[in-house]
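Structure assessment
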Amino acid sequence: MNPADNNSVCSAKIDASCRVPLLALFGGAALWLVLGLVFAIIASLTFHQPEILAHCPFLTYGHAAAIANDLLVYGFAIPAALGVMLWIFARLSQAELVLPIVPVAAAHFWHLGVLVGVGAVLTGHSSGYTWLEFPRASAMLLGVAFVLVAVSAVATFGQRQERELYPSHWFLLAALLWFPWIYSTANLFLVTTCPVRGVAQPVINWWFSNNLIFVWLALVGLGVAFYFLPKIVGQPLKSRFYALFAFWTLIVFGTWVGIPAGAPVPAWLPAISSVASLLLVIPLTAVAVILCRTLCGAKVASLGGTYCYMRAGSFLFLLSGLMLCVTGCPQISRVVEFTWFGQAQVQLQILGFAALILIGAIYDILPRVMGTELPFKKFVNAQFYLSLLGVALFVIPLAVAGVKQGRAGYDPAAAKLWLMISTTGLLFLLLGALLLLVNIFAMTLKWKLGLVKMVYAAVTAPLETKEVKS
Amino acid sequence: MSLQQINRASGAALGFIIAIVLFVAVALVAKLSIHPPGLDAGRAAARSQALAEISAVEEKSLETAAVIDNQRGIVRLPIETAMQLAAQQWANPSAARADLKARAEKAVAPVKAVSFE
């Protein structure tokens, strides 16, 4: 057996060790993504078709919008990211996944936590804090599940063959530590029987929201992109030092952002936040340089495959980061703060950047771990174009609506037409998400049928005569 | 998996768990070390102080003797003393009635203007 065969056998073993955990994480994530987009459409419809579902108290805007956001982040982005991270750590370590049963159990805990949280918000038991709507019981389940998956990922990382760390390692390990830190801190200070009081509440909530949506998703998305892009284009990331610089500047400046300039808090808080927003230009420039130098001259067919997802996702991260940067500018923030512009940036970060990169990674990983082709290969390209169109039709109208609203003195009528267009964007995104769901579920079904057939064949196989004792 | 790999894997997992426990512990210490006064603590203290002042004034008026209006002959007596005096006086009802009438007239009579010249 030559080294190449040995390597491919090893990779096949590594992929097989990730199969069940990844199916549990990705299957649930795809389902929550579809449901999240359905709730997002319901929430969006309330602005121009308020009579639809008006008789249903469970589906008021307050419920639907909160559930949509939570499902997109806690339901889809985090479990999908955890699955991708498990696989990347196993591959980079050239070792099989450690304790594979733990992430399987954790995935079920996670999805149960999301289900409990959604039920609580639907029945009006939301905590009332943005991005922390799930009640304590649900938050406990999510926290424990995350740590369990992370333990498996870190243990796999610990037994790596090569001791050198790659840029993906830095970003993904930081993400594994980041979420438990921010989530436990925010829940301990806000979602308890005795929360902190007064002005500290919104400040902690803004800190958490920004760290979850901007910093955590950026760590995960860039970590995944920095793994896949060099592999696809067939050249190393250029350069490691730029990546190190981007990593530290993102962590140093990104954590301070999030407090609106006009927030009714001590003036130094929004001032620091605005300065940090402007300083985000530094990590964004570093990421842009890395992408340009790595991708320029790459001879890869751009036909909607994983490469396209990664490239488009990375570009949308730069765009989302720039939108966050400009809100730090007082002249601009005076117009756009507390308008739809902020939502446009958040949704671009989730559905444009994180979702595209994670879906691209899922489409690349799934055939490897299952050892078979995707059931509907054409869906990959179709979903890419649907998602791109959906993001454009969803985010651009929201941003325009925000600017118009800000210029018209927060007149809600100024945004109505643009909100209607953004609902169309959500429909395209939902269509794309359905394609992902169909692919994953068809693949899971095929695998389970294969297992059943194998067990049936083993049970019904005739015994060899030499094994029969008279 | 070799022993070295097992050691490295368990070491990394243990390190991660310790880091998470430290995060949570720091957040817990920060949370528990902050003891802001209750939302209604100041208001409750002011109300109980006012109640104590009112009670003290009422207790004083019920338990002590004092001259209220010297010219009209109005005095304040402790309840016990007043009850004993009333019981003694009303042993002779006609005299008590006459005394009551005289005191009532004195109490409502116009007060003589005091001249400082």
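Scroll up a little and you will see the structure.
Right, let's walk through the structure included here. Note that the structure is predicted; figures quoted are calculated from it, not measured.

With that out of the way, let us pick up the overall build of chain B. For chain B, the count of helices and strands is four helices and two strands. The order of α-helices and β-strands along chain B, N terminus first, is α-α-β-β-α-α. The C-alpha radius of gyration of chain B comes to 38 Å, more than 25% above the 13 Å expected for a compact globule of 117 residues. Structurally, chain B occupies a C-alpha span of about 115 × 45 × 15 Å along its principal axes. Classification of the 117 residues of chain B by burial places 9% in the buried group.

Time to look at the packing of aromatic side chains. All names here are of chain A. Taken as a whole and judged by the stated rule, the model has 28 aromatic pairs over all chains. Ring geometry for tyrosine 183 versus phenylalanine 208: centroids 6.1 Å apart, planes at 40°, classification tilted. One end of the pair, tyrosine 183, is in helix α5 (residues 167-189); the other, phenylalanine 208, is in helix α6 (residues 200-233), with 25 residues separating them in the sequence. Comparing tyrosine 183 with phenylalanine 208 shows no difference in burial state: the two are buried. By the ring-pair criterion, three or more aromatic residues cluster together here, those being Tyr74, Trp110, Phe134, Phe146, Phe179, Tyr183, Phe208 and Trp216.

Here the focus is the interface of chain B and chain A. Counting residues at the interface gives 21 residues for chain B and 22 residues for chain A. Surface buried jointly by chain B and chain A totals about 1800 Å² across both partners, of which 75% is contributed by carbon and sulfur atoms. Our count for the contact surface shared by chain B and chain A stands at zero residue pairs in polar contact (both at pLDDT 80 or more). Across the side of chain B that touches chain A, the residue classes tally to 17 nonpolar, two polar and two charged.

Residue and element names in this part refer to chain A. Contact geometry for helix α2 (residues 61-93) and α5: axes closest at 11 Å, N-to-C directions at 140°. By the angle class used here, α2 and α5 are oblique. Crossing of α2 against α5: the hand is left-handed. Here Tyr74, Ile78, Leu82, Met85, Ile88, Phe89 and Leu92 of α2 lie close against α5, whose contacting residues are Ser168, His169, Leu172, Leu173, Ala175, Leu176, Phe179 and Tyr183. Looking at the contact of α2 with α5 residue by residue, the classes come out as 13 nonpolar, two polar and no charged.

This part takes up the pattern of salt bridges. Residue and element names in this part refer to chain B. With the rule as written, the count across this model stands at six salt bridges over all chains. Between aspartate 69 and arginine 72 there is a salt bridge; the shortest N-O distance is 3.9 Å. The exposure class of aspartate 69 is partly exposed, given its relative accessible area of 21%.

Attention now moves to empty space enclosed by the protein. Unfilled space is identified by rolling a water-sized probe across the atoms. Residues and elements named next belong to chain A. In total, this model carries two cavities of 30 Å³ or more according to the counting rule given. Lining the largest cavity we find Leu33, Leu37, Leu351, Ala355, Leu356, Ile359, Gln383, Ser387, Leu429, Gly432 and Ala433. For the lining of the largest cavity, the secondary structure elements donating two or more residues are α1 (3-45), α12 (340-370), α13 (378-407) and α14 (416-460). Split by residue class, the lining of the largest cavity holds eight nonpolar, three polar and no charged. Empty space within the second largest cavity amounts to approximately 30 Å³. Lining the second largest cavity, in full, are Leu222, Ala246, Leu250, Pro283, Leu284, Val287 and Phe317. Elements represented by at least two residues in the lining of the second largest cavity include exactly α7 (240-254) and α9 (281-295). With three residues, the top contributor of residues to the lining of the second largest cavity is α9. Grouping the amino acids of the lining of the second largest cavity by side-chain chemistry returns seven nonpolar, no polar and no charged.

Further remarks concern the environment of isoleucine 182 of chain A. Residues and elements named next belong to chain A. Tracing the backbone through its elements, the reader meets isoleucine 182 in helix α5. A C-alpha to C-alpha distance of 39 Å links isoleucine 182 and proline 375, two positions 193 residues apart in sequence. If we ignore the near neighbours within four places in the chain, the residues touching isoleucine 182 are Trp207, Phe208, Asn211 and Leu212.

On to the nonpolar core, then. Residue and element names in this part refer to chain A. If you look at the biggest cluster of nonpolar residues, it comprises 176 residues, and the most contacted ones within it are Tyr74, Leu176 and Trp216. With 23 residues, α2 is the largest single contributor of residues to this core. Counting five residues, the second-largest nonpolar core is a separate cluster that includes Ile259, Ala263, Val265 and Leu269.

Before going further, it helps to spend a moment on the pairing of strand β1 (residues 66-69) of chain B. Looking along a regular strand, one sees the side chains alternate between the two faces of the sheet. Residue and element names in this part refer to chain B. By the bridge criterion, three bridges tie β1 to strand β2 (residues 74-76) in an arrangement that is antiparallel. Along β2, the bridge assignment pairs aspartate 69 with isoleucine 74. Here β1 folds back onto β2 in antiparallel fashion, the turn holding four residues, of which glycine 73 has a positive phi close to 75°.

Residues and elements named next belong to chain A. Taken N-terminus to C-terminus, the directions of helix α10 (residues 306-326) and α13 make an angle of 10°; their axes are 11 Å apart at the nearest point. Accordingly, the angle class assigned to the pair α10 and α13 is roughly parallel. Counted together, Cys308, Tyr309, Ala312, Leu316 and Met323 of α10 and Val380, Gln383, Phe384, Leu388, Val391 and Ala399 of α13 form the full contact between these two elements. Per-class residue counts for the contact of α10 with α13 are ten nonpolar, one polar and no charged.

Along an α-helix, a turn takes 3.6 residues, which lines up residues three or four apart on a common side. Its 30 residues place the ends of α13 of chain A 44 Å apart at the C-alpha level, agreeing with the 44 Å of an ideal helix rising 1.5 Å per residue. Positive backbone phi, approximately 65°, marks glycine 409 of chain A, located one or two places after α13 of chain A.

Residue and element names in this part refer to chain B. Note that lysine 106 resides in helix α4 (residues 93-108). On the basis of relative accessible area, lysine 106 is assigned to the partly exposed category, the value being 46%. Sequence separation between lysine 106 and glutamate 80 is 26 residues, and the spatial gap between their C-alpha atoms is 24 Å. In this structure lysine 106 touches Gln71, Arg72 and Gly73, once residues within four positions along its chain are discounted.

Residues and elements named next belong to chain A. Nonpolar side chains collect at one region of the surface, where Phe109, Leu112, Leu115 and Val116 lie side by side and expose about 330 Å² of accessible area between them. Checked against the element boundaries, phenylalanine 109 lands in helix α3 (residues 101-122). You can call phenylalanine 109 partly exposed: its relative accessible area is 37%.

Parameters and conventions
Sequence positions are assigned chain by chain, starting from 1 and proceeding in written order. Ligands are numbered from 1 and chains lettered from A, in the order in which they are written. Residues qualify for local features only when their pLDDT is at least 70, as the model is predicted, and side-chain atom pairs are given and counted only at 80 or more; totals for whole chains, interfaces and linings, by contrast, use all residues. Computation of side-chain values: all heavy atoms of the structure, hydrogens and water removed. In DSSP terms, a helix is any run of H or I states spanning at least four residues, a strand is any run of E spanning at least two, and both are numbered starting from the N terminus. C-alpha atoms define the radius of gyration in this analysis, and the globule rule sets the expected value at 2.2 Å times the number of residues to the power 0.38. For the exposure calls, accessible area comes from a 1.4 Å probe over protein chains only, and a residue counts as buried if that area is under 20% of its type's maximum, exposed if over 50%, partly exposed in between. The rule is short: rings of Phe, Tyr and Trp, with Trp giving its six-membered ring, pair when the centres are within 6.5 Å, and they are stacked under 30 degrees, edge-to-face over 60, tilted in between. Here a residue-residue contact requires only that any non-hydrogen atoms of the pair lie within 4.5 Å. Take the accessible area each of two parts loses on contact, using a 1.4 Å probe, and add the two losses: that sum is the buried area. Polar contact criterion, stated in full: a pair of N or O atoms within 3.5 Å, where within protein one must be able to donate a hydrogen and the other to accept it, and residues adjacent in sequence count only if both atoms are side-chain atoms. We call Asp, Glu, Lys and Arg charged. Ala, Val, Leu, Ile, Met, Phe, Trp, Tyr, Cys and Pro are nonpolar, and the rest, Gly among them, are polar. The angle between two axes is taken between their N-to-C directions and runs from 0 to 180 degrees, where each axis is a line fitted to C-alpha atoms and a helix contributes only its stretch in contact. When describing relative orientation, an angle under 35 degrees is termed roughly parallel and one over 145 degrees roughly antiparallel, while 65 to 115 degrees is termed roughly perpendicular and anything else oblique. Crossings are sorted by hand: turned counterclockwise from the far helix by less than a right angle, the near helix makes the crossing left-handed, and turned clockwise it makes it right-handed. In what follows, salt bridge is the name for a side-chain nitrogen of Lys or Arg lying within 4 Å of a carboxyl oxygen of Asp or Glu. Residues are said to line a cavity or pocket when one of their atoms sits within 4 Å of a point; the points come from a 1 Å grid over protein atoms alone, cavities being sets where a 1.4 Å probe fits but cannot get out and pockets being open sets with protein on both sides within 12 Å along at least five of seven lines. Grid points are joined across faces, edges and corners, and a volume is the space filled by probe spheres set on the points. Side-chain atoms within 4.5 Å link the members of a nonpolar core, which is a set of buried Ala, Val, Leu, Ile, Met, Phe, Trp, Tyr and Cys residues. Here, a strand pair is defined by DSSP locating no fewer than two bridges between the strands. Here the expected span of a helix is defined as 1.5 Å times the quantity of residues minus one. Every patch collects residues that have over 30% relative accessible area and no salt bridge, joining them within 9 Å if they carry like charges and within 5 Å if they are nonpolar side chains (Val, Leu, Ile, Met, Phe, Trp, Tyr). For the accessible areas, the method is Shrake-Rupley and the probe is 1.4 Å, while residue cover comes only from the protein chains on display.

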